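Topology and contacts: notes
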Amino acid sequence: MSKKTLLNGDIKSPAGPGRPRAFDEAEALEKALCVFWHKGYETASVDDLTKAMGLSRSSFYGTFGNKQALFHKALRHYSRRGLKTLRDVADAGGDDPVGAIMKALANPQGGRDGCMLINCLTELAPHDDEVAALGRQHLESIDEIIARALEPSDPGQALDKARAYASLAIGTLALRKAGVPAEQISQTLKQARLVISP
């Protein structure tokens, strides 16, 4: 997914004694996401985050509480944005919305960073219940988007097939992280669809 900024209203938080500072929370979350995405949760420090977000420590703690709370909020922001993108892709998918969704999920040209949320599930879900719960909700929403593209009048009937499509598309993210060429990933997606729907 691309790193487009979602625009929310400005918020105010302390930036030193008696001096409130206004900043755009969505923009701050986008910058935090970039840090977490490239460094990982454990490696990213509060100094890394405050520097990238352009916040003082007092603004950081006053607004977000701590690193873990910021991370959870940033991950929810990423999920909302990603799901909106997939719905838009499905709506614009023409005669093959499922193929468009799978391509968007796999994003063969996306490089080796992978998907922020899938990276976090791998790293943190085993010992962070909130990340695990968010991950399940995100994956279930992807299944529902694909099911609706498969069977607009009765998505529930297509959920099993939708889960298979989603699993295959998300599985190709491991190929991306391994540096497999984009063309090979695209061909893998095409073959996967033939396996599910010969």
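Cut-offs and rules
Residues numbered from 1 in each chain as written. Predicted model: local features only at pLDDT ≥ 70, side-chain atom pairs only at ≥ 80, totals over all residues. Heavy atoms only, no water. Helix = DSSP H or I, 4+ residues; strand = E, 2+ residues; numbered from the N terminus. Buried < 20%, exposed > 50% of the residue type's maximum accessible area, 1.4 Å probe, protein only. Contact = heavy atoms within 4.5 Å. Areas by Shrake-Rupley, 256 points an atom, 1.4 Å probe, with all protein chains shown as cover. pLDDT = per-residue confidence, 0-100. Disulfide = S-S within 2.5 Å. Core = buried A, V, L, I, M, F, W, Y, C linked by side-chain atoms within 4.5 Å. UniProt positions renumbered as here; feature names shortened; annotations may be inferred. Salt bridge = Lys/Arg side-chain N within 4 Å of Asp/Glu carboxyl O. Axes fitted to C-alpha atoms, helices over the stretch in contact; angles between N-to-C directions. Left-handed = near helix turned anticlockwise from the far one by under 90°. Nonpolar A, V, L, I, M, F, W, Y, C, P; charged D, E, K, R; others polar.

Going by an unreviewed UniProt entry, the protein chain carries the name TetR/AcrR family transcriptional regulator and comes from Ruegeria haliotis.

**With respect to the overall build of the protein chain**
When its secondary structure is counted, the protein chain shows nine helices and two strands. Secondary structure of the protein chain in N-to-C order comes out as β-β-α-α-α-α-α-α-α-α-α. When burial is assessed residue by residue, the protein chain has 41% of its 198 residues classed as buried. Here the analysis covers contacts within the protein chain between residues at least 6 apart in sequence; of these, 61% occur between residues at least 24 apart. For the protein chain, the exposed area adds up to about 10500 Å²; of that, 51% sits on carbon and sulfur atoms.

**Topic: the confidence of the model for the protein chain**
When pLDDT is averaged across the protein chain, the result is 86; 88% of the residues are at 70 or more. Within the model, pLDDT remains below 50 along residues 1-20, and this stretch shows 53 contacts once partners closer than five positions in the same chain are excluded.

**Remarks on the state of the cysteines**
Across all of its chains, the model carries zero disulfides by this definition. Its sulfur unpaired, Cys120 is 8.4 Å from the next cysteine sulfur, which belongs to Cys115.

**Regarding unusual backbone geometry**
Even without being a glycine, Asn107 presents a positive backbone phi close to 45°. Position of Asn107 among the secondary structure elements: in the loop between helix H5 (97-106) and helix H6 (116-124).

**So, the side chain of His138**
Here His138 lies in helix H7 (residues 129-150). Among all residues touching His138, those that are not within four sequence positions of it are Ser79, Leu83 and Leu117.

**Some words on the nonpolar core**
Among the nonpolar cores identified, the biggest contains 52 residues, and Phe36, Met53, Phe64, Leu70, Phe71, Met116 and Ile146 are the most heavily contacted of them. Elements with a contribution of two residues or more to this core: helix H1 (25-39), helix H2 (46-53), helix H3 (57-64), helix H4 (67-91), H5, H6, H7 and helix H8 (159-177). Ranked by residue count, the leading element in this core is H4, at eight residues. If we skip the residues at most four places from it in the chain, Met116 touches Leu33, Phe36, Trp37, Phe71, Leu75 and Tyr78.

**Comments concerning the UniProt feature "DNA-binding region" (unreviewed entry) in the protein chain**
The sites that UniProt annotates as "DNA-binding region" (unreviewed entry) are residues 45-64. Note that residues 45-64 is 80% helix and 0% strand, and that its end C-alpha atoms are spaced 14 Å apart.

**Side note on the pattern of salt bridges**
Tallied over the entire structure, the rule returns 10 salt bridges. Of the charged contacts, one joins Arg76 and Glu130 as a salt bridge, the two residues approaching to 2.7 Å between their closest N and O atoms. Of this pair, Arg76 sits in helix H4 while Glu130 is found in helix H7, placing the two residues 54 residues apart along the sequence. By relative accessible area, which is 33% here, Arg76 ends up partly exposed. Notably, a salt bridge pairs Asp96 with Arg193, separated by 2.9 Å at the nearest N-O pair. Taken together, the residues span a long stretch of sequence, with Asp96 in the loop between H4 and H5 and Arg193 in helix H9 (residues 182-196) at a distance of 97 residues. Residue classification places Asp96 among the partly exposed positions, given a relative accessible area of 36%. One salt-bridge network, in which partners are shared between bridges, spans Asp143, Asp160 and Arg163.

**Observations regarding the packing of H4 against H5**
At a minimum axis distance of 8 Å, the contact between H4 and H5 shows a crossing angle of 145°. Read as a crossing pair, H4 and H5 show a hand that is right-handed. Residues Leu86, Val89 and Ala90 of H4 form the contact with H5, whose own contacting residues are Pro97, Ala100, Ile101, Ala104 and Leu105. Classifying every residue of the contact of H4 with H5 gives eight nonpolar, no polar and no charged.

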